[in-house]
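If you want the building blocks of each chain, they are given just below.
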Protein chains: 2
Amino acid sequence: MPDTNRRVLLKSRPPGEPRPSDFEIAEAPVPKPADGEILCRTIWLSLDPYMRGRMKDVKSYATPVEIGGVKVGGTVSEVVESRHPDFKAGDFVLGYGGWQTHHVVRAGGRLGPFGPLKLDPKAAPISTALGVLGMPGMTAYVGLLDIGQPKSGETVVVSAAAGAVGSAVGQMAKLKGARAVGVAGSPEKCAYVVKELGFDACVSYRSPDLFGALKAECPKGIDVYFDNVGGDVLTTALRLVNPFARIPICGIISQYNATEMPPGPNWAPILVNRLLVQGFIISDHVSRMGDFVTEVGGWLREGKIRYREDVVEGLAKAPEAFIGLLRGRNTGKMLVKLA
Amino acid sequence: MPDTNRRVLLKSRPPGEPRPSDFEIAEAPVPKPADGEILCRTIWLSLDPYMRGRMKDVKSYATPVEIGGVKVGGTVSEVVESRHPDFKAGDFVLGYGGWQTHHVVRAGGRLGPFGPLKLDPKAAPISTALGVLGMPGMTAYVGLLDIGQPKSGETVVVSAAAGAVGSAVGQMAKLKGARAVGVAGSPEKCAYVVKELGFDACVSYRSPDLFGALKAECPKGIDVYFDNVGGDVLTTALRLVNPFARIPICGIISQYNATEMPPGPNWAPILVNRLLVQGFIISDHVSRMGDFVTEVGGWLREGKIRYREDVVEGLAKAPEAFIGLLRGRNTGKMLVKLA
């Protein structure tokens, strides 16, 4: 049993883009599980855009990370010591262990999507519990189906289309009979989205004429715009929406590093086109977990949903990988492999 | 029988605020009803902010008025000649006769809220069919109850609170057990909203500290913001919304005269607070007509809903009254009395 817990702490709050110096790698003793708790050794750490929000000291839907605190994050771990009857050493669990090699969690309290959830490595690769079968996949599922409600023959546009959420959104839209159009950065990402994931089209947001490019791929207008980025892509999509279009607001990557909140698009299209715009946070929708696991798990087993993982090795690489994630460097689900 | 139909035509499209010279008063022969049609002499013409949109030559949810065409608008008229078995001379009808003294309408085709609907002058003053028991009242009803869904104890804020829609929104919110806070212009309007209509509070949008003033009247935050105006009031309300607040988007009076679309508020609160923002146009909701007439008609008879009418006399005064309406000069439902 190792006696050192390596951790990444929040050292300072970045005013804009996070810098490597905002993170600090530190060591602490491996914690000991009390009665009812389990000690977990992390195998996979998930990196997600929402973590930028936790670095800010502002009121939001979740508590910020304290200066000197361990950065939060979803994890897949192996149980190394259990003091709970439902778990034994060697079990794999999904949890919220944060950016560290070890953590202890009270297993009796909160079993479910945010407490330790036992994973069956034969059912699916355990890393998918952080991606297509985890929070990002469920975010795509709930946002698209419950808010977006695409109908057969409609057009669904999704931004950050090569990312963990966006890549699932477009594939689910296709499975529901809609036309799926992605927006991504590089030509490589756009090619991946169309050729590997099967979207009907993908447009680069760096296009000199984003409006023209997106319009050409949406000849019947946009019925669902699943927004992960805000900014210019949102403004452009609003110029192409059909009456009664739905706009799930899932993320605003374009302004997570902003020091001042830029103005948004004019709201006239919301009225004129009778749009439904709805923000959502997946933790409000745990009641949909069962449906999600059943339906998306089925699609995955049948090969109807594909996914890619973008993996860096070692906790020390997490800060740089996270900075790259916010710059859009990753393709697919961003993961840190710890052990 | 008069043989002259006086009409107000759209003479030119105003780039900004409409000018008297954008309207032209003209005469035409009184039209003759064909078989199945009725000839109506207008008593009340409704003036509504949406009419500004019809003066623009841009794609919207409705066709613009042509240059030289009669301005459109809701009317309450008396039937002067009927060639339809369901109507007789002397009947009062709600219709969409436009800014003119006479019009002919096919009575057989489209009976209902937008075709000729016979009014019972004993049930309610016939002018209310253009106000609290008509399109503005139903706009308040559907937007507040179906989209806003206020719960007892919640706080509902409505802008243009002294107008035809806003005054109904706040009173309905009270009837549903919510705290009603209006936003209006002048101190006189604010006093009217509180003392005559029974809102809990009303704040002037001209307040030097609108945020502070609105916050003081919404100590538990805002759960429903019914937006008639956009602009600064919308931006301020977004700073005070509670998680899961609902924002029915009914109008954008602040920018109807704008020559360029200004940017809107930042969308971060939509995500962080999981807001539902939904634009609506009342003509999409005719299925709610029966419920509206039953429930609001009942409230009116029981004295639970009050209303005021702001009346100018004579068709020639319509352009000036309409320009004033866009400037927020009216209190209550703006009407032109023609006969």
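Rules used throughout
- The residue count restarts for each chain, going from 1 along the sequence in the order it is written.
- Going through the entries in the order they are written, you letter the chains from A and number the ligands from 1.
- Restriction of local features to residues with pLDDT of at least 70 applies here, the model being predicted, together with a cutoff of 80 or more for giving and counting side-chain atom pairs; totals for whole chains, interfaces and linings are based on all residues.
- Side-chain calculation: all heavy atoms of the structure are included, whereas hydrogens and water are not.
- Helix and strand definitions here come from DSSP, where helices need a minimum of 4 consecutive H or I residues and strands a minimum of 2 consecutive E residues; each element is numbered from the N-terminal end.
- Only the C-alpha atoms count toward the radius of gyration. The rule for a globule is 2.2 Å times the residue count to the power 0.38.
- Think of it in three bands: with a 1.4 Å probe and only protein chains considered, a residue is buried below 20% of the maximum accessible area for its type, exposed above 50%, and partly exposed in between.
- By definition in these notes, contact holds between two residues if any of their heavy atoms fall within 4.5 Å.
- Accessible area, probed at 1.4 Å, shrinks when two parts are joined; the buried area is that loss added up over both.
- Each salt bridge in this description consists of a side-chain nitrogen of Lys or Arg and a carboxyl oxygen of Asp or Glu lying within 4 Å of one another.
- We define a polar contact as two N or O atoms separated by no more than 3.5 Å, with the added condition that, inside protein, one atom must be a possible hydrogen donor and the other a possible acceptor, whereas residues neighbouring each other in sequence contribute only through side-chain atom pairs.
- Under the convention adopted here, Pro, Cys and the residues Ala, Val, Leu, Ile, Met, Phe, Trp and Tyr are nonpolar, Asp, Glu, Lys and Arg are charged, and Gly plus all remaining residues are polar.
- Least squares is used to superpose the copies, and the fit set is the C-alpha atoms of residues whose pLDDT is at least 70 in both copies.
- Aromatic rings from Phe, Tyr and Trp, with only the six-membered ring used for Trp, were paired whenever their centres fell within 6.5 Å, and each pair was classed as stacked if the ring planes differed by under 30 degrees, edge-to-face if by over 60, and tilted otherwise.
- Look at NZ for Lys and CZ for Arg. If either is within 6 Å of the ring centre and within 35 degrees of the ring normal, a charge sits over the ring.
- When the sulfur atoms of two cysteines come within 2.5 Å, that pair is taken as a disulfide.
- A strand pair is defined by DSSP finding two or more bridges across the two strands.
- Angles shown run from 0 to 180 degrees and are taken between the N-to-C directions of axes, each axis being a line fitted to C-alpha atoms and, for helices, limited to the stretch in contact.
- Here a helix's expected span is defined as the number of its residues, less one, multiplied by 1.5 Å.
- Under this scheme an angle from 65 to 115 degrees is roughly perpendicular, one under 35 degrees roughly parallel, and one over 145 degrees roughly antiparallel; angles in between are oblique.
- Left-handed describes a crossing whose near helix is turned anticlockwise from the far helix through less than a right angle; right-handed describes the clockwise counterpart.
- Think of it like this: strands point away, you trace from the first strand over the helix to the second, and a clockwise trace means the crossover is right-handed.

Enquirer: Kindly report on the overall build of chain A, identifying the contributing residues and their values.
Expert: Each helix and strand in chain A was counted, giving nine helices and 15 strands. The C-alpha atoms of chain A give 20 Å as radius of gyration, which agrees with the globular expectation for 339 residues (20 Å, within 12%). Referenced to the eigenvectors of the C-alpha coordinate spread, the extents of chain A come out at roughly 60 × 45 × 35 Å. In chain A, which comprises 339 residues, the share counted as buried stands at 56%.

Enquirer: Got a sec to walk through the interface of chain B and chain A? Specific residues and values, please.
Expert: Contacts between the two partners involve 31 residues from chain B, matched on the other side by 31 residues from chain A. Between chain B and chain A the total buried area reaches about 2,700 Å² when both faces are included, carbon and sulfur atoms providing 67% of it. On the chain B side of the contact with chain A, Trp267, Leu271 and Arg274 of chain B bury the most area, a combined 29% of that side's loss. Our enumeration of links across chain B and chain A arrives at two salt bridges. With its nearest N and O atoms 2.7 Å apart, the salt bridge here joins aspartate 284 of chain B to arginine 274 of chain A. The tally of links from chain B across to chain A stands at 12 residue pairs in polar contact (both at pLDDT 80 or more). Of all elements in the fold, only α5 (231–238), β12 (241–249), α6 (268–272) and β13 (276–279) of chain B reach the threshold of two or more residues within the side of chain B that touches chain A. For the side of chain B that touches chain A, the class distribution of residues is 22 nonpolar, seven polar and two charged.

Enquirer: Residues and numbers for unusual backbone geometry, please.
Expert: Outside of glycine, negative phi angles account for most residues, and trans bonds account for most peptide bonds. In this model, phenylalanine 244 of chain A sits at a positive phi of 65°, which is unusual for a non-glycine residue. Relative to the elements of secondary structure, phenylalanine 244 of chain A occurs in strand β12 (residues 241–249). Classification of phenylalanine 244 of chain A as partly exposed rests on a relative accessible area of 42%. Positive phi is not limited to glycine here, since arginine 274 of chain B has a value of about 50°. Mapped onto the secondary structure, arginine 274 of chain B falls in the loop between α6 and β13. For arginine 274 of chain B, a relative accessible area of 12% puts it in the buried group.

Enquirer: Talk me through the relation of the copies chain B and chain A; I want residue IDs and the actual numbers.
Expert: Rotating chain B by 180° and translating it 0.0 Å along the rotation axis places it on chain A, where the RMSD comes to 0.0 Å. Given the turn and translation reported, the copies of this chain are related as if by a two-fold rotation axis. When the interface residues of chain B are mapped onto chain A, 100% of them again fall at the interface, so both copies present the same face.

Enquirer: Break down the packing of aromatic side chains for me, with residues and values.
Expert: When we look at a pair of aromatic rings, we describe it by the centre distance and by the angle of the planes. All names here are of chain A. In this structure the tally under the stated criterion is 11 aromatic pairs over all chains. Ring geometry for phenylalanine 23 against phenylalanine 322: centres 6.4 Å apart, planes inclined by 80°, an arrangement best described as edge-to-face. Of this pair, phenylalanine 23 sits in strand β2 (residues 23–29) while phenylalanine 322 sits in helix α9 (residues 318–326), placing them 299 residues apart in sequence. By relative accessible area, phenylalanine 23 is classed as buried at 7%. An aromatic cluster of at least three residues, connected via ring pairs, comprises Phe23, Trp99 and Phe322. Of note, lysine 71 hangs over the ring of tryptophan 99, and the distance from its end group to the ring centre comes to 4.8 Å. Positioned above the aromatic ring of phenylalanine 211, the side-chain terminus of arginine 239 is 3.8 Å from the ring centre.

Enquirer: Residue-level account of the environment of arginine 6 of chain B, with values.
Expert: All names here are of chain B. Locating arginine 6 in the fold gives a position in strand β1 (residues 4–10). Overall, the relative accessible area of 35% leaves arginine 6 in the partly exposed class. Along the primary structure arginine 6 and isoleucine 249 are separated by 243 residues, whereas in three dimensions their C-alpha atoms are 35 Å apart. Residues within four places of arginine 6 in sequence aside, it is in contact with Ile25, Ala26, Glu27, Trp99, Gln100, Thr101 and Leu315.

Enquirer: Describe the pattern of salt bridges, listing the residues and the values that go with them.
Expert: Residues and elements named next belong to chain A. Taken as a whole and judged by the stated rule, the model has 36 salt bridges over all chains. The residue glutamate 78 makes a salt bridge to arginine 41 at a minimum N-O spacing of 2.6 Å. Placement of glutamate 78 in strand β4 (residues 75–82) and of arginine 41 in strand β3 (residues 37–46) is noted, with a sequence separation of 37 residues between them. Its relative accessible area of 25% is what places arginine 41 among the partly exposed residues. Three or more residues are tied together by salt bridges with common partners; here these are Lys88, Asp91 and Lys118.

Enquirer: Before we move on, could you go through the state of the cysteines and cite the residues and values that matter?
Expert: Per the stated rule, a full pass over the model turns up zero disulfides over all chains. With no disulfide of its own, cysteine 218 of chain A lies 11 Å from the sulfur of cysteine 202 of chain A, the closest cysteine sulfur. Accessibility expressed as a relative area gives 2% for cysteine 218 of chain A, which makes it buried. Considering cysteine sulfurs only, cysteine 202 of chain B is the nearest to cysteine 250 of chain B, which forms no disulfide, with 17 Å between them.

Enquirer: Explain the side chain of asparagine 242 of chain B residue by residue, including any values.
Expert: Residues and elements named next belong to chain B. Among the secondary structure elements, asparagine 242 is positioned in strand β12. A distance of 2.8 Å separates the side chain of asparagine 242 from the backbone oxygen of lysine 220, its partner in a polar contact. If near-sequence neighbours (up to four positions away) are discounted, asparagine 242 is found in contact with Lys220, Gly221, Ile222, Asp223, Asn273 and Leu275.

Enquirer: Give a description of the sheet that holds strand β9 (residues 179–184) of chain B that names residues and reports values.
Expert: In space, the 12 strands of this open sheet follow the order β10(A)-β9(A)-β8(A)-β11(A)-β12(A)-β13(A)-β13(B)-β12(B)-β11(B)-β8(B)-β9(B)-β10(B), with mixed pairing throughout. In this open sheet, the two strands that pair with only one neighbour each are β10 (201–204) of chain A together with β10 (201–204) of chain B. The sheet shows a mean angle of 15° between the axes of neighbouring strands, direction not considered. Across four bridges, β12 of chain B lies against β13 of chain B in parallel orientation.

Enquirer: Quick one: what's the story with helix α8 (residues 289–301) of chain A, residue by residue and with numbers?
Expert: Residues and elements named next belong to chain A. Between its first and last C-alpha, α8 extends 17 Å over 13 residues, near the 18 Å set by a 1.5 Å rise per residue. Along α8, the residues classified as buried are Met289, Phe292, Val296, Gly297, Gly298, Trp299 and Leu300. Elements that come into contact with the buried residues of α8 comprise α2 (135–148) and α3 (164–175). Among the residues trailing α8, glycine 303 stands out with phi positive, at a value near 75°.

Enquirer: Tell me what's going on with the packing of helix α4 (residues 210–217) of chain B against α5 of chain B, and back it up with residues and numbers.
Expert: All names here are of chain B. Close contact between α4 and α5 brings their axes to 10 Å; oriented N to C, the two are set at 50°. The pairing of α4 with α5 is recorded here as oblique in orientation. Classified by chirality, the crossing of α5 by α4 is right-handed. Each of Leu210, Phe211 and Leu214 in α4 lies in contact with α5, whose residues at this interface are Asp232, Val233, Thr236 and Ala237. Tallied by class, the residues present in the contact of α4 with α5 amount to five nonpolar, one polar and one charged.

Enquirer: Please give an account of the pairing of β10 of chain B that cites residues and values.
Expert: All names here are of chain B. In this sheet, β10 lies alongside β9 in parallel orientation, the contact comprising four bridges. When the bridges of β10 are listed, alanine 184 appears paired with serine 204. Between the parallel elements β9 and β10, the chain passes through helix α3 (residues 187–196) in a crossover that is right-handed.

Enquirer: Go over the environment of alanine 180 of chain A, please, and point to the residues and values.
Expert: Residues and elements named next belong to chain A. Locating alanine 180 in the fold gives a position in strand β9 (residues 179–184). Put simply, alanine 180 and aspartate 200 are 20 residues apart on the chain and 5.4 Å apart in space, counted from C-alpha to C-alpha. Beyond its immediate stretch of four places on either side in the chain, alanine 180 contacts Val156, Gly170, Ala173, Lys174, Phe199, Asp200 and Ala201.

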